Structure formats: structure tokens, C-alpha cells
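Tertiary structure, described
What follows is the residue order along each chain.
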Amino acid sequence: ERFMSEEPLLAGRRVLITAGGTIERLDPVRYITNDSSGKMGFAIAAAARRMGAEVVLVAGNTSAGSFPEGVQHVQALSAQEMYDAVLRRLADTDIVIMAAAVSDYRPKSVAPQKMKKTGENLILELERTPDILQTVGQRKGKTFVVGFAAETEHLEEYAMDKLQRKNCDLLVANDVSQEGAGFGTDTNIAQIYNKDGLLENLPMMTKPEMACRLLRIIASTLEAAGD
Ligand code: CTP
Ligand code: CA
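Computed from a predicted structure; not experimentally measured.

**What about the overall build of the protein chain?**
A count of helices and strands for the protein chain gives 5 helices and 12 strands. For the protein chain, the spread of C-alpha atoms along the principal axes amounts to about 60 × 35 × 35 Å. Burial analysis of the protein chain (227 residues in total) assigns 48% to the buried set. The long-range share in the protein chain, meaning contacts at least 24 apart out of those at least 6 apart in sequence, stands at 62%. Carbon and sulfur atoms form 46% of the exposed surface of the protein chain, whose accessible area is close to 11,900 Å². If you average the places of the 26 positive and of the 31 negative side-chain charges in the protein chain, the two averages end up 6 Å apart.

**Observations regarding the UniProt feature "binding site: CTP" (unreviewed entry) in the protein chain**
Sequence positions flagged by UniProt for "binding site: CTP" (unreviewed entry) are, in local numbering, Asp104, Lys114, Pro130, Asp131, Ile132, Leu133, Phe148, Lys162 and Lys166. Spanning 63 residues, the named residues are also spread out in space, since their farthest C-alpha pair is 37.6 Å apart. Turning to its location among the elements, isoleucine 132 is positioned in helix H3 (residues 132-138). Other than its neighbours up to four places away in sequence, isoleucine 132 contacts Ala79, Met82, Tyr83, Val86, Leu87, Met98 and Val102. Note on placement: phenylalanine 148 falls in strand E9 (residues 144-151). Among all residues touching phenylalanine 148, those that are not within four sequence positions of it are Met40, Ile44, Ile97, Met98, Ala99, Leu171, Val172, Asn174 and Leu214.

Thresholds applied
In this convention, every chain numbers its residues from 1, walking through the sequence in written order. Numbering of ligands from 1 and lettering of chains from A proceed in the order in which they are written. In view of the model being predicted, local features appear only for residues whose pLDDT reaches at least 70, and side-chain atom pairs are presented and counted only at 80 or more, with totals across whole chains, interfaces and linings using the full set of residues. No hydrogens and no water enter the side-chain calculation; it runs on all heavy atoms of the structure. A run of H or I in DSSP becomes a helix once it reaches four residues, and a run of E becomes a strand once it reaches two; helices and strands are each numbered from the N terminus. We call a residue buried when its accessible area falls under 20% of the maximum for its residue type, exposed when it is over 50%, and partly exposed in between, using a 1.4 Å probe and counting protein chains only. By definition, residues are in contact when any of their heavy atoms lie within 4.5 Å. Note on areas: Shrake-Rupley with a 1.4 Å probe; residue coverage comes only from the protein chains shown. In summary, the charge assignment counts Lys and Arg as positive and Asp and Glu as negative, without counting His or the chain termini. Working definition for charges: the position is that of NZ of Lys, CZ of Arg, CG of Asp or CD of Glu. UniProt positions are given in the numbering used here, feature names are shortened, and annotations may be inferred rather than shown by experiment.

Below, the structure is given as C-alpha cells:
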């Protein structure tokens, strides 16, 4: 298999990857989540390992199968748990890749007991979750930061805005309205941006292939910067 003969482009690099969707509890038996499978993050973790990196995979709710071999697995189901898991390790990480689909909101309060139905309508009050990537961008030091963006319109404009706002070194933008890209699929389509604009246009390919392409771009960007 061609992936097995991967060059050790990331030898000695400590890479942290987030994957999957988060789960935000409402009560002991109910929660808010999203369609993220974790497949992209798992593929990146496996490929980074094959390229010689020391890999930590921080995973939320996933349906991507078994964890890649040789990778340290940390479970972090809620946005808050994921925030804690990532920030705790940031200083010991060379490359952070935030492929997780983090919930933007969570229930403002978590009921300690199973909620009973009351009236005809129910209004849930939600509050913002911490933005993990934005915090990482603010505190990154020498760490190389890669964000993801899932969009259904204005891909370039929204991607460049996220890259700047979150102080990312690279941003992987997926147009999830296209067939063959996005949540749960085995393939992906991506545009990779840096602060100067579009760096690479990746046509539809399998997630493991895309993971290799992305990691090669990261490795060559680091090498060009002399790191
Ligand atoms: N992200 C994060 N913490 C959050 C929300 C998002 O770390 N609370 C990260 C995601 O992991 C991803 C990037 O930010 O790497 C972009 O996520 P996305 O949902 O596309 O962007 P948002 O900033 O949440 O903007 P919006 O959903 O409004 O488009
Ligand atoms: Ca979001």
C-alpha cells in the first residue's frame, strides 16, 4: 500500500489532532451533537503517525471505527472537555490540527434529572461554548496551527476571515454543500488557505489521501520557514 511507504516528513514533531463532533448535555439522557464522523481527523492522525510524528488524537463523538494504531487517544466529549484537553497540551505540541466539529452553543444549564415534559412548547436556552481554535491562536507561541472551516457559501471570504480571526497558519475549507465533501462522507474536497490567500486546491479524494496531502503541505511550510 502506498501509504505504508510514507516518508518520515514529520519525524520528531509532536502533533495534536481534534476529531469528531462534540456532545453537549441537556439532561442525563439527552444531548446536542452534529453529523461529524471524525473520519478526517482519524485519517490525519494515522497519516501523521506514518510520517513519523508523535500523535495525540483528542476525540469527541465519532463513528470512524477503531482508533489508529500508535496514536495516543484522549476522549473529550464536550466543547469544554476538548478545550481543557487541547489547552493543557498546547505548550508541548508542535502542530495543532483542529478537525473537530465543535458545537457553537450548549444548554445554559444541565438538568440533573431526566427532564419531564411540561407545556406544548419548550424553549431551550443555549450559551456559547469556548472557541478552542481562537484561544489556541492567541496563545500558540511557536506552535503551528491548522483550522478547518465547513461552509455552504462564500467559501473563500469566510475561510480567510476565520484564518485571520483565529490566527491560524493554515485553514482547510470544505464546501459541505458539494457532493463528496463534508460530514460523514469517505471523500473530501478542500481549499487550503494561508495568510496570503489560496495555497492549494484539493479536488475530491479519499480522506486518507487528503490527510497525506495536507500533512505534506504542513511539512513543507514548516521546512520553508526553517523550523
Ligand atoms: N472551533 C473551535 N471551537 C469552537 C468552534 C469552532 O475550536 N467553539 C474550530 C473548529 O474546530 C474549526 C474552526 O474552529 O477548526 C472553524 O469552525 P467553524 O464551525 O467552521 O467556525 P466558527 O468559528 O464556529 O464559525 P461559524 O460556525 O459561525 O461559521
Ligand atoms: Ca461553528
